[in-house]
Amino acid sequence: MIKMNNCGMTHGGKFHADDVFSSALLKIINPEIEIIRGFQVPENFDGVVFDIGSGKFDHHQEGAEVRDNGVPYAAFGLLWREFGESLVGAEDAVLFDEKFIQPIDEDDNTGCGNPLSRVIGKWNPSWDSEESSDDCFWEAVALAETILKKEFESIFSRQRAKGLVEEALAHSKNGIVILPKFAPWQGVLIPSDAQFVVYPSLRGGFNAQVIPVDFDTKTAKCDFPNEWAGKSEAELQVLSGIKTLSFCHNNRFLISAGTLEDTVKACQSSLDAIV
């Protein structure tokens, strides 16, 4: 359980994704927290101060912290470093920092440009608007809170799926993993020797996907045959000899068939073609 003071403070005026997402994170951790905005931290303020005040969760002072990979911390990253592991676990806290938080931190420190930061910035009142900056800020925080909750649920979903996917991998044959239903599989199967993953389709029948060689590429360990790419159902069945094969994506990463047997057969045929 994360314990936190019920007060927080950040800077007033124009806001950015950094202070917006920092506020959203704190509100998820402690829904009772009251965050104020201002330009000077009150004397003896007893709360979490971030993105202002040159303290533990600020990054504007001389000697501000930089990650080992060279990406400077902003308030969001500093708060995540403090609380992230308690929210999602150590491994996923690191991954979430790399994929989600670092682009926001880097944009806030360098202005390098990040689509999500740019979207959040649009919530600031325009130059001729009579809207309250604080009101606009809290609208942006509500959006950021929704985004973070969805991101965390995705992480928890992957965590819940891990055991199911590991069991399917343990019972796999010839590099073809069969899942009883779709579940997030990338974290388990990409580092493994598995070549294809098969699962029931929401449209009926079964899907099979290629498995990338690593997390940073779409390059497959084994592609479906080039001659299947984008072909009609009738053409696919003639080309492959698989009677219920109905679809192959033009980029060859996904196929569909009417039966589990034929879906596995399509994967095995692809493996046989490269031997």
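Above this note sits the structure.
Cut-offs used in this document
Just so you know, the residues in each chain are numbered from 1, in the order the chain's sequence is written. Local features in this predicted model are restricted to residues whose pLDDT is 70 or higher, and side-chain atom pairs enter the listing and the counts only when it is 80 or higher, whereas totals over whole chains, interfaces and linings include all residues. By convention in this description, side-chain values take in all heavy atoms of the structure and omit both hydrogens and water. Here the term cavity refers to a set of points on a 1 Å grid, laid over the protein atoms alone, in which a 1.4 Å probe fits but cannot get out; the term pocket refers to an open set having protein on both sides within 12 Å along at least five of seven lines, with lining residues being those that place an atom within 4 Å of a point. Grid points are joined across faces, edges and corners, and a volume is the space filled by probe spheres set on the points. Secondary structure elements follow DSSP: runs of H or I of four or more residues count as helices, runs of E of two or more count as strands, with numbering from the N terminus. Note on residue categories: nonpolar means Ala, Val, Leu, Ile, Met, Phe, Trp, Tyr, Cys or Pro, charged means Asp, Glu, Lys or Arg, and polar means any other residue, Gly included. One speaks of a salt bridge when a side-chain nitrogen belonging to Lys or Arg is within 4 Å of a carboxyl oxygen belonging to Asp or Glu. Burial classes: relative accessible area under 20% of the type maximum marks a residue as buried, over 50% as exposed, and values in between as partly exposed (1.4 Å probe, protein chains only). Each pair of strands is called paired provided DSSP finds at least two bridges between the two strands. Lines fitted to C-alpha atoms define the axes here, with helix axes fitted over just the stretch in contact, and angles between the N-to-C directions of these axes take values from 0 to 180 degrees. Take the number of residues in a helix, subtract one, and multiply by 1.5 Å to get its expected span. The quantity called bend is, for any residue, the angle between two axes fitted respectively to the seven residues ending at it and the seven beginning at it. The contact rule is simple, with two residues in contact once any of their heavy atoms fall within 4.5 Å. Should an angle lie under 35 degrees it is considered roughly parallel, over 145 roughly antiparallel, and from 65 to 115 roughly perpendicular; all remaining angles are considered oblique. A crossing counts as left-handed when the near helix is turned anticlockwise from the far one by less than a right angle, and as right-handed when that turn is clockwise.

Visitor: When you look at the layout of surface pockets in this model, what are you seeing that I'm missing?
Guide: Here the idea is plain: a probe the size of a water molecule rolls over the atoms and shows the empty space left. Approximately 770 Å³ is the volume attributed to the largest pocket. Those elements that place two or more of their residues in the lining of the largest pocket are α3 (90-110), α5 (133-170) and α6 (186-189). Forming the boundary of the second largest pocket are 16 residues, of which V210, P212, T217, K218 and F253 lie nearest the centre. Partitioned by chemical class, the residues of the lining of the second largest pocket number 7 nonpolar, 5 polar and 4 charged.

Visitor: Looking at this model, I keep getting lost on the pattern of salt bridges. Mind explaining?
Guide: It is possible for side chains bearing opposite charge to pair when their charged atoms get close. Scanning all chains against the criterion turns up 10 salt bridges. The salt bridge involving E65 is made with R81; its shortest N-O contact spans 2.7 Å. Of this pair, E65 sits in the loop between β3 (48-49) and α2 (75-88) while R81 sits in helix α2; the two residues are 16 residues apart in sequence, bridging distant segments of the chain. The salt bridge involving K265 is made with D262; its shortest N-O contact spans 3.9 Å. One end of the pair, K265, and the other, D262, are both in helix α8 (residues 260-273), 3 residues apart, so they sit about a helical turn from each other. Look at D262 and you get buried, because its relative accessible area is 3%. Among the ionic contacts, a cluster of salt bridges with common partners joins R67, D97 and D105.

Visitor: Where do I start with the sheet that holds strand β6 (residues 206-210) in this structure?
Guide: In sheet architecture, strand pairing relies on hydrogen bonds along the backbone and comes in two forms, parallel and antiparallel. In spatial order, the strands read β4-β5-β6-β8-β7; together these 5 strands make up an open sheet with mixed pairing. Two strands bound the open sheet, and with one partner strand each, they are β4 (176-178) and β7 (245-248). Neighbour-to-neighbour, the strand axes of the sheet open up by a mean angle of 20 degrees, direction not taken into account. When β4 meets strand β5 (residues 196-200), the two strands line up parallel, connected through 3 bridges. For I178, the partnering residue across the bridge sits in β5 and is V198.

Visitor: What exactly am I supposed to notice about α2 here?
Guide: Every α-helix winds through 3.6 residues per turn, so residues three or four apart in the chain are directed the same way. The terminal C-alpha atoms of α2, which comprises 14 residues, lie 19 Å apart, in line with the 20 Å expected from a rise of 1.5 Å per residue. At E82, α2 shows its largest bend, some 50 degrees. Taken together, the buried positions of α2 are occupied by A75, F76, G77, L78, L79, W80, F83, G84 and V88. Turning to α2, the residues buried within the fold contact α1 (17-29), β3, α3 and α5. Phi for G89, located one or two positions after α2, is positive at around 95 degrees.

Visitor: Please clarify how the pairing of strand β8 (residues 254-257) should be interpreted in this entry.
Guide: Regular strands place their side chains on alternate faces of the sheet. The side-chain alternation of β8 yields two buried faces, one formed by L254 and S256 and the other by I255 and A257. Two elements, β6 and β8, share 4 bridges in a ladder whose sense is antiparallel. If you follow N207 over to β8, its bridge partner there is S256. As judged from the 3 bridges shared by β7 and β8, these two strands associate in the antiparallel manner. The partner of F247 across the bridge, within β8, is S256. Where β7 hands over to β8, the hairpin turn is made up of 5 residues, of which R252 adopts a positive phi near 65 degrees.

Visitor: Would you explain the pairing of β5 in this entry?
Guide: Within β5, 4 of the 5 residues are buried, which leaves it mostly tucked inside the rest of the structure. In this antiparallel pair of consecutive strands, β5 and β6, the connection spans 5 residues, and G204 shows a positive phi of 100 degrees.

Visitor: Sorry if this is basic, but what is going on with the packing of α3 against α5 here?
Guide: When two helices pack together, their arrangement is given by the angle between the helix axes and by the axis-to-axis distance. At a minimum axis separation of 12 Å, α3 and α5 run at an interaxial angle of 135 degrees. Judged on the interaxial angle alone, α5 and α3 are oblique. Every pair of crossing elements has a handedness; the one defined by α3 and α5 is right-handed. On the side of α3, the interface is formed by D92, F96 and F100, while α5 contributes I147, L148, E151, F152, I155, R158 and Q159. Looking at the contact of α3 with α5, its residues break down into 6 nonpolar, 1 polar and 3 charged.

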